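Understanding the architecture of this molecule
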Amino acid sequence: GNAARASSNADCEVPGFGDDSNTHASRTGFYELNKMKEIARSRLPKNNWLKGQLVAKMNRENSCNAYWNGSTVNFYREGSGCGNTGEIAAVFDHEWGHGMDANDVNG
């Protein structure tokens, strides 16, 4: 189904400070993905993937989806009746989960 609408913020609008990467989606993603890693590290302290940097690409040119490509999580802009998937915590959690599944002890 279509991703729920998360906010009315323009995809690439910045709040008047910072550079062009300071968008609502990038700030939301930074918080949520780091929170997920923090929680997981408390339960899997020896997992090397959780100790590394996770690249998240926001405001990608498309809409209504997000994906894990084997090394990065990727989130699409608002459009086609869908909210920006880089502003929806459940979508972050889902895509991050693919990464965790690929990098757990069983691979």
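The numbering scheme is per chain: residues are counted from 1 as the chain's sequence reads. Local features are withheld for residues below a pLDDT of 70 in this predicted model, meaning they are given only at 70 or higher, and side-chain atom pairs are given and counted only at 80 or more; totals for whole chains, interfaces and linings count all residues. Side-chain calculation: all heavy atoms of the structure are included, whereas hydrogens and water are not.

As for helix 3 (residues 89-102)
Residues that lie three or four places apart on an α-helix share one face, since the helix turns once every 3.6 residues. Counting from the N terminus, the helices are DSSP H or I runs at least four residues long and the strands are E runs at least two residues long. Given a helix with a known number of residues, its expected span is that number minus one, times 1.5 Å. Across its 14 residues, helix 3 extends 20 Å between first and last C-alpha, which sits within 8% of the 20 Å expected from 1.5 Å per residue. Throughout, a residue-residue contact means that at least one pair of heavy atoms, one from each residue, lies within 4.5 Å. Next to the buried residues of helix 3 lie helix 1 (24-43), helix 2 (48-51), strand 1 (55-63), strand 2 (66-68) and strand 3 (72-77).

Things to note about the packing of aromatic side chains
Stacked, tilted and edge-to-face are the three classes applied to pairs of Phe, Tyr and Trp rings, where Trp contributes its six-membered ring and a pair requires centres within 6.5 Å; stacked means planes under 30 degrees apart, edge-to-face means over 60, and tilted covers the rest. In this structure the tally under the stated criterion is four aromatic pairs. Ring plane angle 90 degrees and centroid distance 6.0 Å describe the contact between Trp49 and Trp68, whose orientation is recorded as edge-to-face. Taken together, the residues span a long stretch of sequence, with Trp49 in helix 2 and Trp68 in strand 2 at a distance of 19 residues. Grouping residues by exposure puts Trp49 and Trp68 together as buried. Ring geometry for Tyr67 and Tyr76: centres 5.9 Å apart, planes at 55 degrees, overall tilted. Buried, partly exposed and exposed residues are distinguished by accessible area as a fraction of the type maximum, computed with a 1.4 Å probe on protein chains only: under 20%, between the cut-offs, and over 50%, respectively. Look at Tyr67 and you get partly exposed, because its relative accessible area is 27%. An aromatic cluster is built from Trp49, Trp68 and Trp96, whose rings are joined through pairwise contacts.

Topic: the pattern of salt bridges
Salt bridges are defined as contacts in which a side-chain nitrogen from Lys or Arg sits within 4 Å of a carboxyl oxygen from Asp or Glu. Tallying each qualifying case throughout the model produces two salt bridges. Between Glu38 and Lys35 there is a salt bridge, with its nearest N and O atoms 3.7 Å apart. Here the residue Glu38 and the residue Lys35 both occupy positions in helix 1, the gap between them amounting to three residues, near one helical turn. For Lys35, a relative accessible area of 30% corresponds to the partly exposed category.

Some thoughts on the confidence of the model for the chain
Looking at the chain, the pLDDT average stands at 86 and 79% of residues meet or exceed 70. For every residue, the predictor states its confidence as a pLDDT score lying anywhere from 0 to 100. Across residues 4-9, confidence stays below pLDDT 50; counting only partners more than four residues off in sequence or on other chains, it has 16 contacts.

Some remarks on the nonpolar core
In terms of nonpolar packing, the biggest core is built from 17 residues, with Trp49, Leu54, Phe75 and Trp96 touching the most fellow members. At the level of elements, helix 1, helix 2, strand 2, strand 3 and helix 3 are the ones that each hand at least two residues to this core. Here Trp96 is in contact with Leu33, Met36, Lys37, Ala40, Trp49, Leu50, Leu54 and Val73, once residues within four sequence places are set aside. Only buried Ala, Val, Leu, Ile, Met, Phe, Trp, Tyr and Cys residues count toward a nonpolar core, and they belong to the same one when joined by side-chain atoms within 4.5 Å.

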